[in-house]
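Geometric and topological summary
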Amino acid sequence: MAMTRYEPWTLFNQFSNELNRLLEQRTPRMTDEQGNIVASDWVPAVDIKEEDERFLIHADIPGVDPNDIDVHMEKGILSISGRRESEVRSEQDGYKRVERSRGSFLRRFSLPDTADADKIVAKCKNGVLEVTIPKHEALQPRKIAVEH
């Protein structure tokens, strides 16, 4: 007969770990290069599109000055960060509610090996940041002769 040791907290710990995993999926943590957690006040919505020759990222960042946007590429990770300054509003101005997010933001994307990091271009127009990531030119197959 086999003896199994009963640990009363095992089930609770499993439940706690599963709950933490689910919560992290809903609100992902942003980390810097050293793995430290980075606070982000808001997260811009993005669209990512793959075309034959390039990848396109469109990020909605209305009200952000293009000079306050940083697009950075390091070790296969594309980071888009910036800040939207808050305006001081008083009840006298007639505002009853302010829902537009203010403060810093950060988005990170792992790029595939086909991305050409040296040719990335970013431009901002009408509150939409467009990041163009060209693909490396495809290597053409070649026939290798077998010597006798």
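Residues numbered from 1 in each chain as written. Predicted model: local features only at pLDDT ≥ 70, side-chain atom pairs only at ≥ 80, totals over all residues. Heavy atoms only, no water.

Let us look at the overall build of the protein. Secondary structure assignment for the protein yields 1 helix and 9 strands. When the helices and strands of the protein are read in sequence order from the N terminus, they spell out α-β-β-β-β-β-β-β-β-β. Buried positions account for 20% of the 148 residues belonging to the protein. Residue pairs in contact within the protein that sit at least 24 positions apart in sequence constitute 52% of those at least 6 positions apart. Carbon and sulfur atoms make up 50% of the accessible area of the protein, which totals about 12400 Å². (Helix = DSSP H or I, 4+ residues; strand = E, 2+ residues; numbered from the N terminus. Buried < 20%, exposed > 50% of the residue type's maximum accessible area, 1.4 Å probe, protein only. Contact = heavy atoms within 4.5 Å. Areas by Shrake-Rupley, 256 points an atom, 1.4 Å probe, with all protein chains shown as cover.)

Turning our attention to the sheet that holds strand β7 (residues 103–110). In any sheet, the strands associate via hydrogen bonds between backbone groups, in a parallel or an antiparallel arrangement. Spatially, β5-β6-β7 is the arrangement adopted by the 3 strands of the open sheet, whose pairing is antiparallel. Where the open sheet ends on each side, the last strands, each with one partner, are β5 (69–74) and β7. On average, adjacent strands in this sheet sit at an angle of 15 degrees to one another, irrespective of strand direction. Two elements, β5 and strand β6 (residues 77–84), share 6 bridges in a ladder whose sense is antiparallel. From the neighbouring strand, glutamate 74 faces β6, where its bridge partner is isoleucine 77. (Pairing = 2+ DSSP bridges. Axes fitted to C-alpha atoms, helices over the stretch in contact; angles between N-to-C directions.)

Right, let's get into the side chain of threonine 132. Structurally, the position occupied by threonine 132 is in strand β9 (residues 128–134). According to the relative accessible area criterion, threonine 132 is buried, its value standing at 17%. Discounting residues that sit within four places of it in the chain, threonine 132 has contacts with Arg54, Phe55, Leu56, Lys119, Ile120 and Val121.

A few words on the sheet that holds β9. With respect to topology, 4 strands assemble into an open sheet ordered β3-β4-β9-β8, the strand pairing being antiparallel. Looking at which strands have only one partner, the edges of the open sheet turn out to be β3 (46–50) and β8 (121–125). Within this sheet the neighbouring strands show an average axis-to-axis angle of 15 degrees, counted without direction.

Although it is not a glycine, lysine 75 sits at a positive phi angle of roughly 50 degrees. Counting through the fold element by element, lysine 75 comes out in the loop between β5 and β6. At asparagine 126, a residue that is not glycine, the phi angle is positive and equals roughly 55 degrees. Looking at the element boundaries, asparagine 126 is found in the loop between β8 and β9. Judged by relative accessible area, which is 72%, asparagine 126 ranks as exposed.

A word on the nonpolar core. Residues Ile57, Ile61, Leu78, Ile80, Leu129, Val131 and Ile133 are the most contacted members of the largest nonpolar core, which totals 16 residues. Only β4 (54–60), β6, β7 and β9 provide two or more residues apiece to this core. Ignoring sequence-local partners within four residues, the contact set of leucine 78 consists of Ile57, Val71, His72, Met73, Arg107, Arg108, Phe109, Leu111, Ile120, Val131 and Ile133. (Core = buried A, V, L, I, M, F, W, Y, C linked by side-chain atoms within 4.5 Å.)

The next thing to look at is the packing of aromatic side chains. Applying the stated criterion to the full structure yields 1 aromatic pair. It is arginine 84 that lies over the ring of tryptophan 42; its NZ or CZ is 3.9 Å from the centre. The aromatic ring of phenylalanine 55 is capped on one face by lysine 135, whose charged end is 4.9 Å from the ring centroid. (Phe/Tyr/Trp six-rings, centres within 6.5 Å; stacked < 30°, edge-to-face > 60°. Lys NZ or Arg CZ within 6 Å of the ring centre and 35° of its normal.)

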